[in-house]
Amino acid sequence: MSDSYSLSCSPKVTLDILSDNQKGIAFADHGANWQLHRKLVLATFALFKDGDQRLEKIICQENSLLCDFLATQNGQSIDLSLPLFLAVTNIICLICFNSSYKNGDPALKIIKDYNDGILDSLGTDKMVDIFPRLKIFPNKTVEKMKNCVKMRDELLNEILEKHKENFSSDSITNLLDILIQARMNSDNNNAASDRDSKLLSDKHILTTIGDIFGAGVETTTSVVKWTVAFLLHNPQLQKKIQEEIDQNVGFSRTPTMSDRNQLILLEATIREVLRIRPVAPTLIPHKAIVDSSIGEFAIDKGTNVIINLWALHHNEKEWHRPDQFMPERFLDPTRSQLISPSLSYLPFGAGPRSCLGEILARQELFLVMAWLLQRFDLEIPDDGQLPSLEGNPKMVFLIKPFKVKIKVRQAWREAQADSST
């Protein structure tokens, strides 16, 4: 059987707890519930296409706060996890609820704790998922997952209840508004079946919001940290990207998405990070909804299929020296244009179940890295400790904690001094 996919028992018991038995969109089987909630999430992203609510504007607002904080750490060696987590969580909060958190807010710690706990539970080898009947016995992983989901739902339920009180059909600005409005429409529409009302219960809404958080926070945070780690291992590459930013953006303004076509070495670097350390090395398990086949292998309806993205991204037939970090593989020979070197490159999956937040994630990764490198030199800490590039391959491929020395760039400092005189 090919290395690139396997037919197996996915983490059924733990995923059923996480998805409240197939609600939401990430872990729900293909069906009416999944279709409806996916459609509503896509409608939400459409709200953020332009104007004051534009995604780019929201990301840049959080980037600005992130960079201002990092400037206070000038010369220090810090772990970027928490400041990044705050910035990315706030972007998701603004999309979901139109609100954001200040550093030190107790709700942030709850989000961080349950997020970490869920990822930890999904990354543990679980006999209970191979033999679901074992769930009648005490099981630490299952208990941990239940506790984390309970923490998540209590926090989100509180937000939902407040949101219902202030809801107005005249002002639809975020995901919760869209979900509440959809429920009201289905309640008022007698011609429609009761089905949509049932699929938009509070529990369904909470699971979908939980999915967006789960999919949107740790993933982006993780890729930014991997990118910083690879730059620490490749200081010459960091210098070249900074030169590219200096020439094409300068210091009189901050980078925007329209700079993406000029900052091609940065874009190629992000693409290579997504190849060599894919966010989800086995993507999310999916189920065949009809009898099917892959190549010569028959796949019966109901079979769980897991895609081995790691194998696709490290296949020697598709990639030259796949274990080497080489951003230039995404550039043409003149290094003036981005290229797609292989069809075996699927960092966000493919088909109807591909990642809903791909556009958001790509914008975040590009803008966060462009802002950081315009303003700061990222250096190895004084103890000389380089980050480990091995990582921890759970459902999200996490990097082991590391520190980076943050230094405000001399060129940035001089430009700021000139502009204020």
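Counting of residues starts from 1 at the beginning of each chain's written sequence and follows it residue by residue. Two thresholds apply to this predicted model, a pLDDT of at least 70 for residue-level local features and 80 or more for giving and counting side-chain atom pairs, whereas whole-chain, interface and lining totals are computed over all residues. The side-chain figures draw on all heavy atoms in the structure; neither hydrogens nor water molecules are used.

Caption draft 1: A look at the side chain of Thr-173. Runs of H or I in DSSP of at least four residues are treated as helices and runs of E of at least two as strands, each being numbered from the N terminus. Inspection of the secondary structure puts Thr-173 in the loop between helix H7 (140-166) and helix H8 (175-188). Each residue's exposure class comes from its accessible area (1.4 Å probe, protein chains only) as a fraction of the maximum for that residue type: buried when under 20%, exposed when over 50%, partly exposed otherwise. Residue classification places Thr-173 among the buried positions, given a relative accessible area of 18%. Distance and chemistry together define a polar contact, namely a pair of N or O atoms within 3.5 Å, with one atom able to donate a hydrogen and the other to accept it when in protein, and with adjacent residues in sequence counting only for side-chain atoms on both sides. Polar contacts involving the side chain of Thr-173 include one to the side chain of Asn-174, which spans 3.2 Å. Not counting the four nearest positions on each side in its chain, Thr-173 is found in contact with Leu-47, Phe-48, Gln-53 and Asn-98. Contacts were defined at the residue level, with two residues in contact if any of their heavy atoms lie within 4.5 Å.

Caption draft 2: Geometry of the packing of aromatic side chains. Here a Phe, Tyr or Trp ring, Trp counted by its six-membered ring, pairs with any other such ring whose centre lies within 6.5 Å, and the pair is stacked when the planes are under 30 degrees apart, edge-to-face when over 60, and tilted otherwise. On inspection of all chains with the given rule, the structure shows nine aromatic pairs. Taken together, a centroid distance of 5.6 Å and an interplanar angle of 50° make the contact between Trp-310 and Phe-397 tilted. With Trp-310 in helix H14 (residues 309-313) and Phe-397 in strand S9 (residues 397-398), this pair connects stretches of sequence that are 87 residues apart. Judged by centre distance (6.1 Å) and plane angle (75°), the rings of Trp-319 and Tyr-345 are edge-to-face.

Caption draft 3: How the structure looks around the sheet that holds strand S2 (residues 77-78). In short, DSSP must find at least two bridges between two strands for them to pair. The strand order across the open sheet formed by three strands is S2-S10-S7, and the pairing between neighbours is antiparallel. In this open sheet, the two strands that pair with only one neighbour each are S2 and strand S7 (376-379). Across four bridges, the pairing between S7 and strand S10 (residues 404-408) is antiparallel. Bridging across to S10, Phe-376 finds its partner in Val-408. The axes are straight lines fitted to the C-alpha atoms, using for helices just the contacting stretch, and the angles between their N-to-C directions are given from 0 to 180°. Sheet strands touched by helix H15 (residues 358-375): S7 and S10. Its angle to S7, the strand with the most contacts, is close to 95°.

Caption draft 4: Examining the confidence of the model for the protein chain more closely. Of all residues in the protein chain, 92% have pLDDT values of 70 or greater, and the mean over the chain is 89. Within the model, the stretch residues 6-10 combines pLDDT values under 50 with 18 contacts to residues more than four positions away or in other chains. Values of pLDDT, which run from 0 to 100, indicate the predictor's confidence residue by residue.

Caption draft 5: View of the environment of His-37. Structurally, His-37 is set in helix H2 (residues 32-47). Measuring from C-alpha to C-alpha, the distance between His-37 and Ala-182 comes to 10.0 Å, with 145 residues separating the pair along the chain. Among all residues touching His-37, those that are not within four sequence positions of it are Gly-24, Ile-25, Leu-179, Leu-199, Leu-200, His-204, Ile-205 and Thr-208.

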